[in-house]
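Okay, here's what each chain looks like letter by letter:
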Amino acid sequence: KLRSALAVLGMTSALVVPGSAFAQDVTLTSYDGSISLKGRLVEFDGDNYRLATAIGEITIDAFQVACEGEGCPAPELLASEFVIAGSQSIGSELMPALVEGYAFALDADISQSAGASTDALQINMSDLEGRAMADIEIAALGAGGAFRGLLGGDAAIGMSSRPVRPREAQVLEQAGLGNLADPANEHILALDGIITVVHRSNPVRAISTENMAAVFAGQITNWAQLGGPDAPINLYVRDEESGTRSVFESLIMAPAAAQMAERSTVLDSNSELSDAVAADPYGIGFTGFADERNARALGIQEVCGIVTQATPFTIKAEEYPLARRLYLYTTDKAIPPHAKSLLEFATSDDAQDIISSLGFIDQGISSEPVNNQGLRFASSILSAQNTAELLQLRDMAATLVNAERMSTTFRFQPGSSLLDNKAQRDVVRIAEMISRGDFENKDVMLVGFTDSIGRPDLNEALSFRRADQVRQAILESLPDGALQADDINVLGYGEVSPVGCNETFNGRRINRRVEIWVRDKV
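Residues numbered from 1 in each chain as written. Predicted model: local features only at pLDDT ≥ 70, side-chain atom pairs only at ≥ 80, totals over all residues. Heavy atoms only, no water.

Peer 1: Please set out the overall build of the protein chain residue by residue, giving values where relevant.
Peer 2: The helix and strand tally for the protein chain stands at 16 helices and 24 strands. Against the 2.2 N^0.38 benchmark of 24 Å for 522 residues, the protein chain shows a C-alpha radius of gyration of 26 Å, consistent with a compact globule. The C-alpha extent of the protein chain, read off along each of the three principal axes, is 80 × 60 × 40 Å. Evaluated residue by residue, the protein chain yields a buried proportion of 55% over its 522 residues. Taking the contacts inside the protein chain whose residues are at least 6 apart along the sequence as the reference set, 70% of them involve residues at least 24 apart. (Helix = DSSP H or I, 4+ residues; strand = E, 2+ residues; numbered from the N terminus. Rg over C-alpha atoms; globule rule 2.2 N^0.38 Å. Buried < 20%, exposed > 50% of the residue type's maximum accessible area, 1.4 Å probe, protein only. Contact = heavy atoms within 4.5 Å.)

Structure below.
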């Protein structure tokens, strides 16, 4: 049951007790009672049972079955006790829901109680016989608490609504805990977008990034300056430990060399901030997409005039300028078996419905018809610099006119030709879809784009190479012979059709991408 999602990756060799200590008959039964297996227990290594049966020796994940018989290991050897610490955006609702989903997958019972601190929740898992399986504490301390917890050894898993900072990563690596930016330690849980919210009665519908920085710096103080009523602007911001605030400051405040105004009301959670703005006709604040609640999000106008609304698709494609990834971090240090299994479940396809049900953006792949890309094409035409670019746009439109765009957008590590951590996982997702036949009788097109830095002809060639690189990665993830190289079409359009402003660092980052489009074969 959910075998691939719950497979335990490590071994706890200190608990290996082979030989006569376990040479007794036992019965192993899956938690849902559907499978029962009898045999002689040869070995328990802390993670797996090795059982001698009439058909030979079988190795079974110890955390998916209940063991009955005098030869079974002591229950405390199978129980895990660990802490998950960090982001309030993740820890307040999402992580408890994922723990509950994990327990449901194991047919386990859970109980909840207050943790050791006011920001902590204690969740106890037990099997249907009442035997302890795991004691999990979720401590919502802010993103910075994730890395302090990992460094101090207090947390097995860190939750963060921003990527690990270079200085944090350096300290952890110097402590012998490994590289947190490595895919083995950095796990992308979900996607989210930071939205600027106002009261539902506010007539302002969109705000530029420059004005947004000026508002939160206290330089614009009246709504009339933004096309609203003649009334003072009331600011609501997150606390300094918040990953939401950290991302907002890096993407909005830092480019404008602006600091948060001191006259702001500081809130400890995204939901509290949204509720405060929803109750204040003259309020404005920033929060997560999942926490819009009864407030209303503003569209964002970038410096070049592109206006983007926060939608599940623009966030999944990471084209909304304040889109962000939500992370779970581990170190090279061994973690308890149930912590490893929970991590596998939380980042698996089985967890995506839980993630989306709470308003976060899951990593499942969706599609959008070309009609919904109209604003993007209009912006491309307006930004074209010459006749050659207009002709290239015409060629692109003719190619994609009857196609659908998939939400998966492949991006690369900064300053590198290597696919980033999310893109590497998305390659596997696309390969799985192809293997299932989801694209049967479809033309699959990988379409590369770049920023506008450099010569247009070189950018076009680079965009083609990057798209071809993604194709090769997909083919390598497929079973031998499943597809040939020419079964996936590769196109490169260079710097045309920007989805972000090339005048900004973040805009250039967004524009360096490979999109995937599909259309019916005719």
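Next comes the rest of the write-up.
Peer 1: Got a sec to walk through the side chain of D239? Specific residues and values, please.
Peer 2: Turning to its location among the elements, D239 is positioned in the loop between β13 (234-238) and α7 (243-253). Separated by 2.9 Å, the side chains of D239 and R238 make a polar contact. Among all residues touching D239, those that are not within four sequence positions of it are Q88, R245, V266, L267 and D268. (Polar contact = N/O pair within 3.5 Å; in protein donor to acceptor, adjacent residues only side chain to side chain.)

Peer 1: Quick rundown of the layout of surface pockets? Include the residues and the values.
Peer 2: There is about 1500 Å³ of room inside the largest pocket. Of all the elements in the fold, those that place two or more residues in the lining of the largest pocket are α6 (209-216), α7, β19 (323-329) and α16 (505-511). Ranked by residue count, the leading element in the lining of the largest pocket is α7, at five residues. Classifying every residue of the lining of the largest pocket by side-chain character gives 17 nonpolar, eleven polar and 13 charged. One number sums up the size of the second largest pocket: a volume of about 520 Å³. (1 Å grid on protein atoms, 1.4 Å probe; cavity = no way out; pocket = protein on both sides within 12 Å on 5 of 7 lines; lining within 4 Å. Points joined across faces, edges and corners; volume = space filled by probe spheres on them. Nonpolar A, V, L, I, M, F, W, Y, C, P; charged D, E, K, R; others polar.)

Peer 1: Talk me through helix α15 (residues 456-477); I want residue IDs and the actual numbers.
Peer 2: Each α-helix turn comprises 3.6 residues. Residues three or four places apart therefore point the same way. Taking 1.5 Å per residue, 22 residues should reach 32 Å; α15 reaches 32 Å between its end C-alpha atoms and fits that length. The complete set of buried residues in α15 reads N459, S463, R466, A467, V470, R471, A473, I474 and L475. Where α15 is buried, its residues contact β21 (404-410), α14 (421-436), β22 (442-449), β23 (488-492) and β24 (513-520). (Expected span 1.5 Å × (residues − 1).)

Peer 1: Kindly report on the sheet that holds β23, identifying the contributing residues and their values.
Peer 2: Read across the sheet, five strands follow the order β20-β21-β24-β22-β23 without closing on themselves; strand pairing throughout is mixed. On the outer flanks of this sheet lie β20 (367-369) and β23, each paired with one strand and no other. Across this sheet, the average inter-strand angle for adjacent strands is 30°, counted without regard to direction. Pairing geometry for β20 and β21, over three bridges, is antiparallel. By the bridge assignment, S367 is partnered in β21 with M406. Sheet strands in contact with α14 are β21, β23 and β24, and its direction is about 140° off that of β21. (Pairing = 2+ DSSP bridges. Axes fitted to C-alpha atoms, helices over the stretch in contact; angles between N-to-C directions.)

Peer 1: Describe in detail the state of the cysteines, supporting the description with residues and values.
Peer 2: The tally for this structure, following the rule as stated, stands at two disulfides. A disulfide bridge connects C67 with C72, and the sulfur atoms are separated by 2.0 Å. In this structure, the disulfide formed by C67 and C72 twists by about -85° around the S-S bond and is classed as left-handed. Disulfide pairing places C304 opposite C501 at an S-S distance of 1.9 Å. In this structure the cystine formed by C304 and C501 twists about its S-S bond by roughly -80°; its chirality is therefore left-handed. With C304 in the loop between β17 (299-301) and β18 (307-308) and C501 in the loop between β23 and α16, this residue pair connects regions lying 197 residues apart in the sequence. The exposure class of C304 is partly exposed, given its relative accessible area of 35%. The connectivity of the disulfides in the protein chain is 1-2, 3-4, where the numbers refer to bonded cysteines in sequence order. (Disulfide = S-S within 2.5 Å.)

Peer 1: Pulling in residues and values, what's your account of the packing of helix α3 (residues 94-105) against helix α10 (residues 337-346)?
Peer 2: Each packed pair of helices is defined by two parameters, the angle between the axes and the distance between the axes. Relative orientation of the contacting elements α3 and α10 amounts to 105°, with a least axis distance of 10 Å. The angle between the axes of α3 and α10 places the two elements in the roughly perpendicular class. The residues of α10 that touch α3, namely those facing L98, V99, G101 and Y102, are H338, S341, L342, F345 and A346. In terms of residue class, the contact of α3 with α10 is made up of six nonpolar, three polar and no charged. (Parallel < 35°, antiparallel > 145°, perpendicular 65-115°, else oblique.)

Peer 1: Any details on the pairing of β22? Residues and values, ideally.
Peer 2: Judged by how many residues are buried, β22 sits mostly within the fold: six of eight residues are covered. Where β22 meets β23, five bridges bridge the pair, whose relative direction is parallel. Of the residues in β23, the one forming a bridge with V447 is L491. The parallel pair β22 and β23, bridged by α15, forms a crossover whose chirality is right-handed. (Right-handed = clockwise from strand over helix to strand, strands pointing away.)

Peer 1: An account of the packing of α14 against α15 is requested, with residue identities and associated values reported.
Peer 2: Packing of α14 against α15 leaves a shortest axis separation of 9 Å and a crossing angle of 60°. By the angle between their axes, α14 is oblique relative to α15. Here the hand of the crossing between α14 and α15 comes out right-handed. Residues V427, I430, A431 and I434 of α14 touch α15, and the partners they reach there are A473, I474 and S477. Looking at side-chain class alone, the contact of α14 with α15 contains six nonpolar, one polar and no charged residues. (Left-handed = near helix turned anticlockwise from the far one by under 90°.)

Peer 1: Outline the pattern of salt bridges, supporting the account with residue identities and numerical values.
Peer 2: Summed over all chains, the structure comprises 23 salt bridges. We note a salt bridge from R148 to E241, for which the minimum N-O separation is 3.1 Å. With R148 in helix α4 (residues 143-152) and E241 in the loop between β13 and α7, this residue pair connects regions lying 93 residues apart in the sequence. Judged by its relative accessible area of 48%, R148 is partly exposed. The salt bridge partner of E319 is R405, with a shortest N-O separation of 2.4 Å. Taken together, the positions of E319 in the loop between α9 (312-316) and β19 and R405 in strand β21 put the pair 86 residues apart, joining distant regions of the chain. We classify E319 as buried; its relative accessible area is 9%. Linked through salt bridges whose partners overlap, the residues forming this network are E319, R405, R513 and E515. (Salt bridge = Lys/Arg side-chain N within 4 Å of Asp/Glu carboxyl O.)

None of this, on its own, says anything about what the molecule does.
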